[in-house]
Amino acid sequence: MSETEVHEMTMGRARIRTVGRRLNMEMALAALVGPVWAFVAAGALWRFAVQRWVPAVLAMFALIALAMTWALIRKRLLSESQAAIITDRRANAGGLLLTRLEIPVGDWEPALRDKVVRLTPPPIAIGRPALAIVAATIFLVVAMAIPLPAPRGKPANAAAATRVEHLVEQLAVAAKEEPVETNLKTELERLREELKDGKFDATDWEAADSLSRELDRKADEAAAELAKADEAARQLEQAMAKAQAGDRLDRERDELERALMQLSDGQASTPREALDQALKNGGPSDELPSSNDLKNGESKSAGAKNTDAKSGGKPSRAELDALKRAIAARQDRLAQSFGQNDGPRLAKQSKGESKRSSSPSEREGASVREPGDGNGDVGQAGRELSGSAAHGPGGDTKILSGDRAEIDPEKLKLAASPKGHGGEGTELWGLAAADPKRHAGGGPAPSHPQGLAGHESPANREGVALPRNKTLIQRYFDPHP
Amino acid sequence: MSEILSPADVEKAGQSIALLQAGLNQVLLDQGLVVERVTTAILARGHILLEGLPGLGKTELCKGLARLLSLPFKRIQFTPDLLPGDITGTCVLSGDARELTFREGPLFASVVLADEINRSSPKTQSALLEAMQEASVTVLGTTYPLPRPFFVLATQNPIELEGTYPLPEAQLDRFLFRIQVPAVGARTMAKLLTERVRGAPPSATPVLDAATLDGIFAAVDRVHLPGPVADFVGRLVEATHPGAAGASENVRRFVRYGASPRAALAFAAASRALALAKGKPNVGFDEVKEIALPVLGHRLVMGYEASLDKISAEQLVREIIEHVPEVVRG
């Protein structure tokens, strides 16, 4: 092959390659439009939706778009032989150009060269694809230039957010019990930052678990200490209750001594003297405390009084019982001295009440009841012994209230009212219990410092008087209001 | 690598071909395309099936061709009672020697006109198979070569179907071209009336001798067929098969059997001859497309749906030419 032939062949191949490049470019541009728009749309969506790793994602999308384009055009790219066919057809060579690619054409070369030289490249329609690609580029630039909206506050990892919130609550609870260590707060703050940045990973989960276990341990310790404090408080309360019981015995003894002093008609200046007087006046020896007992009790009491302030000693139950028995004996003696029949009964009643009263409160209400009344220190016993008006025909009836009230059918019988209480006795009837007949030995008790009001009747002092009882009492004492 | 034809060789062959075509055009008035295809088929050393109405000059064309090429010419009128031995020749007792001697039949000529070939029985038609393909005749176990060149130009009437026997597919495939001879117009008939006595063609003088014809045949063989064009030929033939991947919907529907590889060979030979007739040293896509119709038209075996829908093979061939691209991407 001569140098000229080589040159001619090279020139022909160059023309073929030119035609091939142009056609391939046209095809590639047309195939590029779809992937480019997909890349641009995906990139813009990613930027607005995710807002993170935009450059990396754009690069990845670009690679994907290029791969898609290559997949589309790979099998459609023109080979040299295919470009030669098109060139041959465009040059109207009638297959001579194809022949020259296979064998030398010899004398046909000038004619072929003329045709190849006159060959005009095939027109390619790249305007629309190029415009579409430029539009896609502008779209991408605009999409990248638009300011991003504020990132959403919603955490990406809801489970992690819940866990961190739980840790915050745990830490707050632990902080109420005792000051929380700084490293725990720092760790919790770090976890919150990780959650906010969306970097909450497996390591953070482990850290959260560890922090939770630490807070649980502190909560357990605080609960144990609280249980200890509760136990100590309970023990202290029990101790205080014991101390209060001792004080109550002291007060009871004081009341009994004071009552004994009053029963001594002012002859005794000290409880000791009153007690001695009560012993001296005599009485059933079995009802009175022995001298030794009293002395022991007195000495104990005196010693206790002397040492109460210092040592906190308490009177014994036996001492109090001795005082009660002394008071009962004194009352019986006084009743006998006033000739009252009720005296022994009252004494026995008082003694019975003392026996019935098992609890300190009952005993306080029955026998030594009125220290707070001021003028009523003698109480029920004194008033009954003074011969105050008896209620009802029996004379020993008294108005009871509360759970001690009893219904006596005899008292509820109707009877003619006496004269002076509504005319003829046959015309006005009333309850037999309302008969204001004066019984023997009855009369108002002149020794009573102050008259008792109707509602302050002894029965009423046992409890709250019923309204009907109050009305009866009021009508009895004040028939003409 | 064979050398391509020089422009001088091509020009020389072109001149001879032009003379031949000019002589044929004198025989057959205003049938340029028919003449061109007949010339191409002769240059490609192929057999020709002329199909057309009676009186269009098919027989005169064959006789004129033989005269122009100065080749031995024989005519066989195919009739229903024609036997194979009547055309191939038979062995007869000769004279006093009382020996069987082979008496050549009408096939022993370079140009054989098989007039109304479809009127003989398939047995007789099949007697042409060996002659057309191998250019030889075998009688009683003895093969007798036919003279070279050997051309069979057959005619058939497409409208007189009664008493005819359609050519078998193998026979059809052996014809390089099936050429439709169209009817002529009034001007042609007027010329025929005014320029010829009783319609007889002018006496043709031979324009080519045997040596020249052999030179042309050699030149045809040297016409280069580029690879892309050969690939295009192959895709064209493949597209005629209904089971091929690139077959069109109509091919799948109307064609029962497509063209054989012999069709591709016919494509190559005819396109070379046509290119040389056009003065080209190589084959181009245009030559292939130009001869596709006469090459493929009689090689497609159409289905019954095609006859129902009046779809001809020529229509499908035109569709195939348009359907198959010169350049395949991907």
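Residues numbered from 1 in each chain as written. Chains lettered and ligands numbered in written order. Predicted model: local features only at pLDDT ≥ 70, side-chain atom pairs only at ≥ 80, totals over all residues.

Let's talk about the overall build of chain A
Within chain A, the secondary structure is distributed over 17 helices and 2 strands. In chain A, which comprises 481 residues, the share counted as buried stands at 24%. At a minimum sequence separation of 6, the contacts of chain A that also span at least 24 residues come to 62%. (Helix = DSSP H or I, 4+ residues; strand = E, 2+ residues; numbered from the N terminus. Buried ≥ 20, exposed ≤ 12 C-beta atoms within 10 Å, placed from the backbone. Contact = placed C-beta atoms within 7 Å.)

Section: the overall build of chain B
The helix and strand inventory of chain B stands at 14 helices and 11 strands. Taken across its 330 residues, chain B has 42% of its residues classed as buried. In chain B, of all internal contacts separated by at least 6 residues, the share reaching a separation of at least 24 is 78%.

Regarding the sheet that holds strand β8 (residues 151-156) of chain B
Residues and elements named next belong to chain B. The parallel open sheet is built from 5 strands, whose spatial order is β2-β5-β8-β1-β9. Among the strands making up the open sheet, the edge pair consists of β2 (73-77) and β9 (175-181). Direction aside, neighbouring strands of the sheet carry axes that sit 20° apart on average. The pairing of β2 with strand β5 (residues 111-115) spans 5 bridges and is parallel. Residue Phe73 lies in a different strand from β5, and its bridge partner there is Val111. Against the sheet, helix α2 (residues 32-43) makes contact with β1 (47-52), β8 and β9, and its axis sits at roughly 170° relative to β9, the strand it touches most. (Pairing = 2+ DSSP bridges. Axes fitted to C-alpha atoms, helices over the stretch in contact; angles between N-to-C directions.)

Considerations on unusual backbone geometry
A cis amide bond, omega -10°, links Arg148 of chain B with the succeeding residue Pro149 of chain B. Along the chain, Pro149 of chain B turns up in the loop between β7 (142-145) and β8. Phi angles above zero are rare outside glycine, and Trp53 of chain A is one such case at about 50°. Within the chain, Lys310 of chain B stands out as a residue other than glycine whose phi angle is a positive 55°. Residue placement: Lys310 of chain B occurs in the loop between α13 (304-308) and α14 (313-323).

Points about helix α1 (residues 7-27) of chain B
All names here are of chain B. The terminal C-alpha atoms of α1, which comprises 21 residues, lie 30 Å apart, in line with the 30 Å expected from a rise of 1.5 Å per residue. Those residues of α1 that fall on the buried side of the exposure criterion are Val10, Ala13, Ser16, Ile17, Leu20, Gly23, Leu24 and Val27. All buried residues of α1 fall inside an arc of 155° around its axis, so they share one side. Facing away from the buried side of α1 by more than 90 degrees, the exposed set consists of Ala8, Glu11 and Ala22. Taken together, the buried residues of α1 touch α2, α3 (58-69), α8 (210-222) and α11 (261-277). (Expected span 1.5 Å × (residues − 1). Arc of directions from axis to C-beta.)

Considering the interface of chain B and chain A
Each partner contributes residues to the interface: chain B has 21 residues there, and chain A has 18 residues. Counting residues per element, the ones that place at least two in the side of chain B that touches chain A are α9 (227-239) and α12 (285-296) of chain B. Among the elements that make up the side of chain B that touches chain A, the one with the highest residue count is α9 of chain B (3 residues). Classifying every residue of the side of chain B that touches chain A gives 10 nonpolar, 6 polar and 5 charged. (Nonpolar A, V, L, I, M, F, W, Y, C, P; charged D, E, K, R; others polar.)

Observations concerning the packing of α9 of chain B against α12 of chain B
Residue and element names in this part refer to chain B. It is the contact of α9 with α12, at a shortest axis distance of 9 Å, that shows an interaxial angle of 25°. As the angle between them shows, α9 and α12 are arranged roughly parallel. Crossing geometry of α9 relative to α12 is assigned as right-handed. Of the residues in α12, those in contact with Val229, Phe232, Val233 and Leu236 of α9 are Phe285, Val288 and Ala292. Taken together, the residues that form the contact of α9 with α12 break down as 7 nonpolar, no polar and no charged. (Parallel < 35°, antiparallel > 145°, perpendicular 65-115°, else oblique. Left-handed = near helix turned anticlockwise from the far one by under 90°.)

A closer look at the pairing of strand β6 (residues 136-139) of chain B
Residues and elements named next belong to chain B. In the sheet, β6 pairs with β7 via 4 bridges, with the strands oriented antiparallel. Paired with Val139 across the strands is Thr142, a residue of β7. A loop of 2 residues connects β6 with β7, the two strands running antiparallel in sequence, and Leu140 in this loop sits at a positive phi of about 50°.

Observations regarding the confidence of the model for chain A
Residue and element names in this part refer to chain A. Summarising the model, chain A shows a mean pLDDT of 71, and 59% of its residues fall at 70 or more. Across chain A, the element-wise mean pLDDT spans from 41 in helix α15 (residues 379-385) up to 91 in helix α6 (residues 127-145). Low pLDDT (under 50) marks residues 341-396, which in the prediction has 86 contacts with non-local residues, meaning those over four places away or in another chain. (pLDDT = per-residue confidence, 0-100.)

Some details on the nonpolar core
Counting residues in hydrophobic clusters, the biggest one holds 114 residues, and the most contacted among them are Val38, Ile48, Leu65, Val111, Ala270 and Leu276 of chain B. Counting residues per element, this core draws most heavily on α11 of chain B, which supplies 10 residues. In this structure Val111 of chain B touches Cys62, Leu65, Ala66, Leu71, Pro72, Phe73, Phe151 and Leu153 of chain B, once residues within four positions along its chain are discounted. If you look at the next biggest cluster of nonpolar residues, it comprises 16 residues, including Ala259, Leu275, Ile327 and Ala335 of chain A. (Core = buried A, V, L, I, M, F, W, Y, C linked by C-beta atoms within 7 Å.)

A look at the pairing of β1 of chain B
Residues and elements named next belong to chain B. In terms of burial, β1 is largely enclosed, as 5 of its 6 residues are buried. Where β1 meets β9, 6 bridges bridge the pair, whose relative direction is parallel. Bridged to Leu50 within β9 is Ile179. Two elements, β1 and β8, share 4 bridges in a ladder whose sense is parallel. Bridge assignment links Leu50 to a residue of β8, and that residue is Thr155.

A short note on the packing of helix α8 (residues 182-196) of chain A against helix α9 (residues 202-263) of chain A
Residue and element names in this part refer to chain A. Axis separation between α8 and α9 bottoms out at 11 Å; the angle between their running directions is 145°. Seen from above, α8 lies across α9 with left-handed handedness. Residues Leu184, Glu187, Leu188, Leu191 and Glu194 of α8 pack against Asp204, Ala207, Ala208, Leu211 and Glu214 of α9. The residue inventory of the contact of α8 with α9, partitioned by class, reads 6 nonpolar, no polar and 4 charged.

Some words on the confidence of the model for chain B
Close inspection of predicted coordinates is inappropriate for parts of the model with low pLDDT. For chain B, per-residue confidence averages 87 on the pLDDT scale, and 99% of positions sit at 70 or higher. Model confidence for the complex: the whole-complex pTM is 0.57, and ipTM, which rates the interface, is 0.83.

Topic: the environment of Pro84 of chain B
All names here are of chain B. Within the secondary structure layout, Pro84 lies in helix α4 (residues 84-88). Pro84 sits 40 residues away from Thr124 along the chain, and the two C-alpha atoms are 4.4 Å apart. Once you skip the residues sitting within four places of it in the chain, Pro84 turns out to touch Lys123, Thr124 and Ala127.

Quick word on the environment of Gly279 of chain B
Mapped onto the elements of the fold, Gly279 of chain B is located in the loop between α11 and α12. Residues within four places of Gly279 of chain B in sequence aside, it is in contact with Val10, Glu11 and Gly14 of chain B.

Considering α14 of chain B
All names here are of chain B. Residues of α14 that are buried: Ala313, Leu316, Val317 and Ile320. Around the axis of α14, the buried residues are gathered within 100° of arc, so they sit on the same side. Turning to α14, the residues buried within the fold contact α9, α10 (249-254), β10 (255-257), α12 and β11 (301-302).

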